[in-house]
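Structure at a glance
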Amino acid sequence: YNMDGVSGYASPMQAWLSARFDCQTAADKAYWVAPFKAEIRRVFVTIMDGETDAGGATIAFDKVTSSTRGTGDVEIVVITAANNDSKYFYSEPATAVTVSPGDQVFVEVTGEGVTGLNVVAGILYQESPEVITNITNAVKSA
């Protein structure tokens, strides 16, 4: 905790993992909703064990704020065409990407792989100090 009693960058890194999905078609495959104001530190894609497919894929992590969606504005992960069994492909934002409650990150396959390229996507994030009443999209239930 920071001196003001609000959890901040001293908080531990946290992780979100998607369910397994196939990269065969270009489409949204998973999404994450920010539970509090946070900074995204890394995005990643892990190729599932036993994967022998040598096809690659491009996966965009798109941020949505107040119904405005970017394209790959969190980061983009490119899976190279090779035998990638159990490999961890990652990317770290060059500039800070902050999300607040109500913001979402969609995991979208934008460059198709081939049938059977099964992956799990993830986000590493860290809580950043903010009072909930200062967040525009945070609405207290009556």
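Structure shown above.
Below is a summary of the structure that appears in this document. Please read all numbers here as calculations on a predicted model, not as lab measurements.

Another aspect to go through is the packing of aromatic side chains. Under the criterion given, the structure shown has 5 aromatic pairs. Seen from their ring centres, Y31 and F106 are 5.7 Å apart, and the 35° between their planes marks the pair as tilted. Of the two residues, Y31 sits in strand β3 (residues 27-33) while F106 sits in strand β10 (residues 104-111), which places them 75 residues apart along the sequence. Residue Y31 is classed as exposed on the basis of its relative accessible area of 55%. Residue F106 is classed as buried on the basis of its relative accessible area, which comes to 18%. Geometrically, the ring pair formed by F44 and Y88 is stacked, given 4.9 Å between the ring centres and 25° between the ring planes. A residue pair is termed long-range when its members are at least 10 positions apart, and F44 in strand β4 (residues 38-47) and Y88 in strand β8 (residues 88-91) qualify at 44 residues. Assessed through its relative accessible area of 6%, F44 is described here as buried. Among the residues examined, Y88 registers a relative accessible area of 39% and is labelled partly exposed. A network of ring pairs unites the aromatic residues W32, F36 and Y125 as a single cluster. We note R42 situated over the ring of Y90; from NZ or CZ to the ring centre the distance is 5.3 Å.

About the thresholds
- Residues numbered from 1 in each chain as written.
- Predicted model: local features only at pLDDT ≥ 70, side-chain atom pairs only at ≥ 80, totals over all residues.
- Heavy atoms only, no water.
- Phe/Tyr/Trp six-rings, centres within 6.5 Å; stacked < 30°, edge-to-face > 60°.
- Helix = DSSP H or I, 4+ residues; strand = E, 2+ residues; numbered from the N terminus.
- Buried < 20%, exposed > 50% of the residue type's maximum accessible area, 1.4 Å probe, protein only.
- Lys NZ or Arg CZ within 6 Å of the ring centre and 35° of its normal.

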